[in-house]
Amino acid sequence: MHSESTTKTYLYLRVGLVALAVFLGASLVIELAFGETDWLGSISAYYYTPVRSVFVGTLCAMGVCLIAIKGRDKPREDLMLNLAGMCAPVVALVPTPLEDANCGSASRCVPKAYVPGVVNNVEALLVVGALGLVFAAYTVRRDRNERGDLVALGVAAAGLVGFALWFALGRDSFLNYAHYGTAVPMFGLIIGVALVNAATVEQFVASGGTLTVGRVTTFKRAYRAIAWFMGVVIAGALAVFVVKAATGSEPFSHWVFVVEALLLVAFTVFWVLQTVQYAEDGAPE
């Protein structure tokens, strides 16, 4: 049995993720409705507007929550949550490139005035990431966890090393593509988490959970629907991107904003469902 404080902490982490998504959404709506910023082509572009503090703070906090949350299905769900949590701060701290006359041969780049801040922030993130891996290695060794946990630790370590090498040795490409190179995998990993939850929710009843068979079926269908919805949105966005790269045509100038908004809504709905489920079923053993 878990203490009441443990159960509430586990639940409130999920509530916190919902609150963070609403926080970002509210900031965007307020800027669109009452601010002086025009409707931009993507949510990520609002890094350069008054929404910046909320955008960066929200994604960094989401990263911490995703890493802190431990899934019922180990090690698959834990690994995907951890990797998604590692991606989120990068999406926040490395802004999307803009069209700028000072970009040189490239059509888009991170404006030079922002580069020192990005470099400083990423260097600080690498320090925290390295310390986090040391702590994770210590806990794995102390608890003598299963082989899967060692594999997960190895994957996380390899990801951090690769990220650091890209930042150090390919600075220009890092600044141009790190935002996209972490945003797409982050949402892809959340799709994986939703699918794992759909596949394993039945185990909760078998292991003594309080969910009824009807509720289990509801959660399973909802998680699958969210995963499929996010997958279709991402696949559609990639298809439009390929067509645009090949022909220069696109459905309309704000399609990336719409894609990101749909993914943010789906992300929020998923964590609302997680909150409801764990409020009924309690924290995992």
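Residues numbered from 1 in each chain as written. Predicted model: local features only at pLDDT ≥ 70, side-chain atom pairs only at ≥ 80, totals over all residues. Heavy atoms only, no water.

Draft legend 1. Main features of the overall build of the protein chain. Within the protein chain one finds eight helices and two strands. Out of the 285 residues in the protein chain, the part that is buried amounts to 43%. Of all intrachain contacts in the protein chain linking residues separated by at least 6 positions in sequence, the fraction that spans at least 24 positions is 73%. As displayed, the protein chain offers around 14900 Å² of accessible surface, 67% of which is attributable to carbon and sulfur atoms. (Helix = DSSP H or I, 4+ residues; strand = E, 2+ residues; numbered from the N terminus. Buried < 20%, exposed > 50% of the residue type's maximum accessible area, 1.4 Å probe, protein only. Contact = heavy atoms within 4.5 Å. Areas by Shrake-Rupley, 256 points an atom, 1.4 Å probe, with all protein chains shown as cover.)

Draft legend 2. Just helix H7 (residues 213–247), in detail. The terminal C-alpha atoms of H7 lie 51 Å apart, and with 35 residues this matches the ideal 51 Å at 1.5 Å per residue to within 8%. Among the residues making up H7, those that are buried are Val216, Phe219, Lys220, Ala222, Tyr223, Ile226, Ala227, Met230, Val233, Ile234 and Ala237. Phi turns positive, to about 85°, at Gly248, one or two residues after H7. (Expected span 1.5 Å × (residues − 1).)

Draft legend 3. Looking closely at the nonpolar core. Counting residues in each nonpolar core, the largest one holds 73 residues, and the members touching the most others are Leu17, Phe55, Val122, Phe174, Met230 and Trp271. Every element with two or more residues in this core is listed here: helix H1 (4–34), helix H2 (52–68), helix H3 (76–93), helix H4 (115–143), helix H5 (147–169), helix H6 (171–206), H7 and helix H8 (255–281). If one sorts the elements of this core by residue count, H6 sits on top with 14 residues. Dropping the residues within four chain positions of it, Leu17 is found in contact with Met62, Cys65, Leu66, Ile69, Phe267 and Trp271. (Core = buried A, V, L, I, M, F, W, Y, C linked by side-chain atoms within 4.5 Å.)

Draft legend 4. Representation of the layout of surface pockets within the structure. In this structure, the largest pocket encloses a volume near 1400 Å³. Taken together, 42 residues make up the lining of the largest pocket; nearest its centre are Ser42, Thr96, Tyr180, Val256 and Glu260. Taken together, the elements giving at least two residues each to the lining of the largest pocket come down to H2, strand E1 (98–99), H6, H7 and H8. Residue contributions to the lining of the largest pocket peak at eight residues, all from H6. (1 Å grid on protein atoms, 1.4 Å probe; cavity = no way out; pocket = protein on both sides within 12 Å on 5 of 7 lines; lining within 4 Å. Points joined across faces, edges and corners; volume = space filled by probe spheres on them.)

Draft legend 5. Quick look at the packing of aromatic side chains. A full pass over the atoms with the stated rule returns 13 aromatic pairs. For the ring pair Tyr10 and Tyr278, a centre distance of 5.7 Å and an interplane angle of 85° mean the geometry is edge-to-face. With Tyr10 in helix H1 and Tyr278 in helix H8, the pair connects residues that are 268 residues apart, well separated along the chain. Exposure class is identical for Tyr10 and Tyr278. Each is buried. Here the aromatic rings of Phe270 and Trp271 are separated by 5.0 Å at their centres, their planes lie at 80°, and the arrangement is edge-to-face. (Phe/Tyr/Trp six-rings, centres within 6.5 Å; stacked < 30°, edge-to-face > 60°.)

Draft legend 6. The arrangement of the packing of H1 against H2 in detail. In contact at an axis separation of 10 Å, H1 and H2 are set at 165° when each is read in the N-to-C sense. Viewed along their axes, H1 and H2 adopt a mutual orientation that is roughly antiparallel. Regarding H1 and H2, the two cross each other, and that crossing is left-handed. From H1, Leu13, Leu17, Leu20, Ala21, Phe23, Leu24 and Ser27 reach across to H2, where they touch Val54, Phe55, Thr58, Ala61, Met62, Cys65, Leu66 and Ala68. A breakdown of the residues in the contact of H1 with H2 according to their chemical character gives 13 nonpolar, two polar and no charged. (Axes fitted to C-alpha atoms, helices over the stretch in contact; angles between N-to-C directions. Parallel < 35°, antiparallel > 145°, perpendicular 65-115°, else oblique. Left-handed = near helix turned anticlockwise from the far one by under 90°. Nonpolar A, V, L, I, M, F, W, Y, C, P; charged D, E, K, R; others polar.)

Draft legend 7. Expanded view of the environment of Arg171. The topology assignment puts Arg171 in helix H6. When the C-alpha positions of Arg171 and Val119 are compared, they lie 9.3 Å apart, and in sequence the two are 52 residues distant. Here Arg171 is in contact with Val119 and Trp166, once residues within four sequence places are set aside. Of note is the side chain of Arg171, whose polar atom sits 2.8 Å from the backbone oxygen of Phe167. (Polar contact = N/O pair within 3.5 Å; in protein donor to acceptor, adjacent residues only side chain to side chain.)

Draft legend 8. How the structure looks around the pattern of salt bridges. On inspection of all chains with the given rule, the structure shows two salt bridges. Arg108 serves as the salt-bridge partner of Glu99, at 3.9 Å between the closest nitrogen and oxygen. Exposure remark for Glu99: the relative accessible area of 64% places this residue in the exposed category. (Salt bridge = Lys/Arg side-chain N within 4 Å of Asp/Glu carboxyl O.)

Draft legend 9. Focus on the side chain of Thr37. Take Thr37: it is sitting in the loop between H1 and H2. A polar contact is formed between the side chain of Thr37 and the side chain of Glu31, at a distance of 2.6 Å. In contact with Thr37, not counting residues within four places along its chain, are Glu31, Tyr46, Thr49 and Pro50.

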